[in-house]
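Each chain is listed here by its residues.
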Amino acid sequence: MFLLFTELDNKRSPDRRLKSETLRLMAKHYQDYSDQYEVFSEFGELDDASIVKFIVSALALDKVSNHTLRGNAMGSFQANIGMWHILARQGQIPRAKLNQSFQETIAGFAKVSNSTQLVDVSCASLRAVFRGVTGNNTVTQDEVIELLAGPHQSDPEGRRIHEEMAKGIRGVMDGQRLVSLDTLLALEDGLKDASKYSKDSLRPFMAELREFQMPRPIFSSSERSEWAAGIYNNRHTDLEMQTDLGKTLKGSPTAAQVEEARGQLAPFLRDTLVGLNYAYYEPPGSQLLRADPLFVRSHDFAGETVEGVEGLWHAPQLFGAGIAAGGGAHLVGSLADLPYALSGAEQDFIVPENVQALIWRETVPGLLTSAILPRWWNVSRKELHAIALYQRAGEELLLASETNEELRRKLLGILSSRMPARQASWLDQELASGNAQDALAQVTPADVFYLSVDFRHRFPDDNASWGPSGQELARLIQEDPEELSWARLSRDFGVPHPILMRSDAPELINLKPFPAFAGYSSRLMAESWDSNNLYWARLADEMGLPPAMLNRVVPELTREMVGKIFATDFEDWPALLRAMRETGKEFREGKIAGGGATRAAAGQVPNN
């Protein structure tokens with residue numbers, strides 16, 4: 001709680017610090033909603049009123065007595081907030097409008113008492129999310145997907161990558177057989193006014209609700225109860241299969257019947273909104289989202305499918321994996337920490353290249369999350385080149401220290417805060433023995449990056465120690481200090497720290513790698529490992545790739561790297577470094593799918 005509250009005020013100016021009453025309210029409900037609070041630590045623009053309205057809405061949803069209605073309401077509520085979160089992080093909602101847009105997104109959920117009201121509130125919330133971006137209330141599925149895929153790109157290569165991202169989202173939505181947002185909004189609008197109701201005009205849309213058919217069950221109810229204790233079929237999906245608006249509205253329906261029919265859209269709308277969140281955070285090489293059409297529909301927000309689950313506002317857990325009688329794997333819980341949950345569900349589909357490879361079960365989803373949560377749409381070529389120069393400049397400093405004892409003491413003084421004492425001593429001996437070139441293979445990209453950053457800060461007048469890359473970096477920073485500021489580089493190339501900093505905001509933090517044991521500590525290991533994004537960015541710069549290409553290559557290379565991790569014990573964190581460098585080498589040589597095409601697009605031969 002202390003870490004979260006510290007981070008909350010850390011992102012706010014002194015005149016916008018949260019009131020003590022707000023903090024007390026958050027503390028009172030911390031046990032229930034703590035995982036939901038991370039959005040407030042990421043965006044300091046959200047004030048006391050936004051936080052209070054969120055908690056009031058969540059408390060009201062918890063009190064909804066109808067189990068099914070509560071699950072649909074919780075899902076739609078969180079899904080719209082999730083899309084707001086995405087668009088805010090991508091900078092598509094102006095910072096000056098973040099607070100107003102958030103409050104409009106959650107407005108009305110505190111008063112939901114039936115399915116018809118939920119449909120109205122969910123649609124109004126959706127329109128509020130995208131009104132914050134476009135300024136109007138018109139919403140179509142294609143427009144939503146285009147916005148989620150990223151900000152508008154002006155250059156041809158950026159537009160091509162943007163279209164690839166949008167195509168990936170559409171692929172997940174199609175693979176999950178989710179009802180189109182256009183269909184649901186057309187039905188919602190057409191059924192809103194009974195005097196204007198026309199069954200003939202809405203019949204094609206009604207038919208779309210019936211297109212998806214569940215597979216025939218292979219287990220009886222008694223067999224399921226016996227072989228899948230505590231795990232049952234999803235009532236949510238069963239109700240969708242029973243929905244037939246044409247039957248409900250046969251003949252000349254009354255106003256009450258039309259209202260009832262509109263309320264039956266609630267579960268379908270929930271699935272589509274949730275599916276858009278899933279699709280955005282799709283892990284690289286995803287299997288579940290492409291092969292299991294029930295995965296999104298089966299997300300259980302209200303604890304219907306698993307007995308005894310508490311903390312439904314907490315990060316979701318995967319249930320039912322490997323239990324065919326239980327209806328398949330699905331997530332139970334909220335949408336908080338969704339990228340990590342999806343990556344955790346997918347990691348077992350990544351086949352290690354080495355037999356009995358130790359890859360740390362909690363670390364791998366963290367690595368994948370660091371590759372899919374950040375986006376690089378607003379990164380400039382100058383930024384990309386600066387990231388590469390920082391790393392090369394650090395390597396040049398280490399090479400120069402072979403024959404310069406004074407410089408070596410300065411560098412080891414910096415690196416000692418990032419390295420275990422044994423490794424720092426080893427590096428000192430290697431440099432003194434003239435083995436700097438070999439030693440560089442054991443130094444992480446983050447080490448040499450932070451070495452350059454700290455050396456510039458601690459010894460601003462020591463210009464003689466810099467090599468060609470360091471000198472070029474100094475000129476580049478002098479030309480545009482704002483674009484190459486630490487704050488911007490940290491935001492654009494950092495990784496999220498939901499455990500360490502209680503925030504999903506990508507950020508570079510100068511830390512030595514945490515050891516991996518199990519559970520919590522293994523997540524900290526991934527959050528302290530920020531070499532990947534720095535190294536992939538350097539590869540992109542040296543291969544002449546446009547910054548937008550990072551949105552494609554970073555997830556792909558990270559997945560390839562995971563398959564190459566071959567640790568011998570829990571302390572063998574250099575296994576990550578070995579796997580990363582091997583992946584980079586194969587990418588340069590065109591041995592990894594996409595490497596050759598990427599080089600061709602760049603029109604350059606890779607550097608060796």
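Residues numbered from 1 in each chain as written. Predicted model: local features only at pLDDT ≥ 70, side-chain atom pairs only at ≥ 80, totals over all residues. Heavy atoms only, no water.

Draft legend 1. View of the overall build of the protein. The helix and strand inventory of the protein stands at 32 helices and four strands. Per-residue burial over the protein gives 58% buried out of 608 residues. In the structure as shown, the protein presents an accessible area of about 25,200 Å², 51% of it carried by carbon and sulfur atoms. (Helix = DSSP H or I, 4+ residues; strand = E, 2+ residues; numbered from the N terminus. Buried < 20%, exposed > 50% of the residue type's maximum accessible area, 1.4 Å probe, protein only. Areas by Shrake-Rupley, 256 points an atom, 1.4 Å probe, with all protein chains shown as cover.)

Draft legend 2. View of the pattern of salt bridges. The final tally for this structure, using the stated rule, is 37 salt bridges. Its salt-bridge partner being arginine 262, residue glutamate 259 comes within 2.5 Å of it at the nearest N-O pair. On the criterion of helical spacing, the pair formed by glutamate 259 and arginine 262 is a turn pair, its members being three residues apart in helix 16 (residues 255-263). A salt bridge links arginine 578 to aspartate 572; the nearest nitrogen and oxygen atoms lie 2.9 Å apart. Residue arginine 578 is classed as partly exposed on the basis of its relative accessible area of 43%. Judged by its relative accessible area of 11%, aspartate 572 is buried. Within the structure, one salt-bridge network assembled from shared partners comprises Arg392, Glu395, Arg538, Glu542 and Arg588. (Salt bridge = Lys/Arg side-chain N within 4 Å of Asp/Glu carboxyl O.)

Draft legend 3. Quick peek at the confidence of the model for the protein. Overall, the predicted model of the protein reaches an average pLDDT of 89, with 90% of residues at or above 70. Under a pLDDT of 50 for its full length, residues 599-608 has, in the predicted model, 19 contacts with residues more than four places off or in other chains. (pLDDT = per-residue confidence, 0-100. Contact = heavy atoms within 4.5 Å.)

Draft legend 4. Highlighting the packing of helix 6 (residues 67-89) against helix 7 (residues 98-106). Between helix 6 and helix 7, the shortest axis-to-axis distance is 10 Å and the interhelical angle comes to 165°. Comparing their axes, helix 7 and helix 6 come out roughly antiparallel. Remark: the crossing between helix 6 and helix 7 carries right-handed chirality. Within the contact between the two elements, helix 6 uses Phe77, Asn80, Ile81, Trp84 and Ala88 and helix 7 uses Leu98, Ser101, Phe102, Thr105 and Ile106. (Axes fitted to C-alpha atoms, helices over the stretch in contact; angles between N-to-C directions. Parallel < 35°, antiparallel > 145°, perpendicular 65-115°, else oblique. Left-handed = near helix turned anticlockwise from the far one by under 90°.)

Draft legend 5. Representation of the packing of aromatic side chains within the structure. Counted under the stated rule, the structure contains 19 aromatic pairs. Centroid distance phenylalanine 43 to tryptophan 84: 5.4 Å. Interplanar angle 75°. Geometry classified as edge-to-face. Taken together, the positions of phenylalanine 43 in the loop between helix 4 (38-42) and helix 5 (48-62) and tryptophan 84 in helix 6 put the pair 41 residues apart, joining distant regions of the chain. The exposure class of phenylalanine 43 is buried, given its relative accessible area of 3%. Aromatic side chains phenylalanine 455 and phenylalanine 459 sit 5.0 Å apart centroid to centroid with 50° between the ring planes, which places their arrangement in the tilted category. Of the residues examined, phenylalanine 455 reaches a relative accessible area of 0% and is grouped as buried. Sitting over the ring of phenylalanine 459, lysine 410 keeps its end group 4.6 Å from the ring centre. Taking the ring centre of tyrosine 340 as reference, the NZ or CZ of arginine 523 above it sits at 3.5 Å. (Phe/Tyr/Trp six-rings, centres within 6.5 Å; stacked < 30°, edge-to-face > 60°. Lys NZ or Arg CZ within 6 Å of the ring centre and 35° of its normal.)

Draft legend 6. Quick peek at unusual backbone geometry. If you check the backbone angles, arginine 177 has positive phi at about 55° while not being a glycine. Mapped onto the elements, arginine 177 comes out in the loop between helix 10 (156-175) and helix 11 (181-190). You can call arginine 177 partly exposed: its relative accessible area is 43%. Residues other than glycine seldom take positive phi values, yet arginine 502 does so here, at roughly 60°.

Draft legend 7. How the structure looks around the environment of histidine 29. By secondary structure assignment, the location of histidine 29 is in the loop between helix 2 (20-28) and helix 3 (30-33). Taking the C-alpha atoms as reference points, histidine 29 and isoleucine 55, 26 residues apart in sequence, are found 8.2 Å from one another. Each residue touching histidine 29, except ones within four places of it in the same chain, is listed here: Ser34, Tyr37, Ile55 and Leu59.

Draft legend 8. Region of interest: the side chain of glutamate 430. Relative to the assigned elements, glutamate 430 resides in helix 23 (residues 421-432). The contacts of glutamate 430, once residues within four sequence positions are left out, are Asn435, Ala436 and Ala439.

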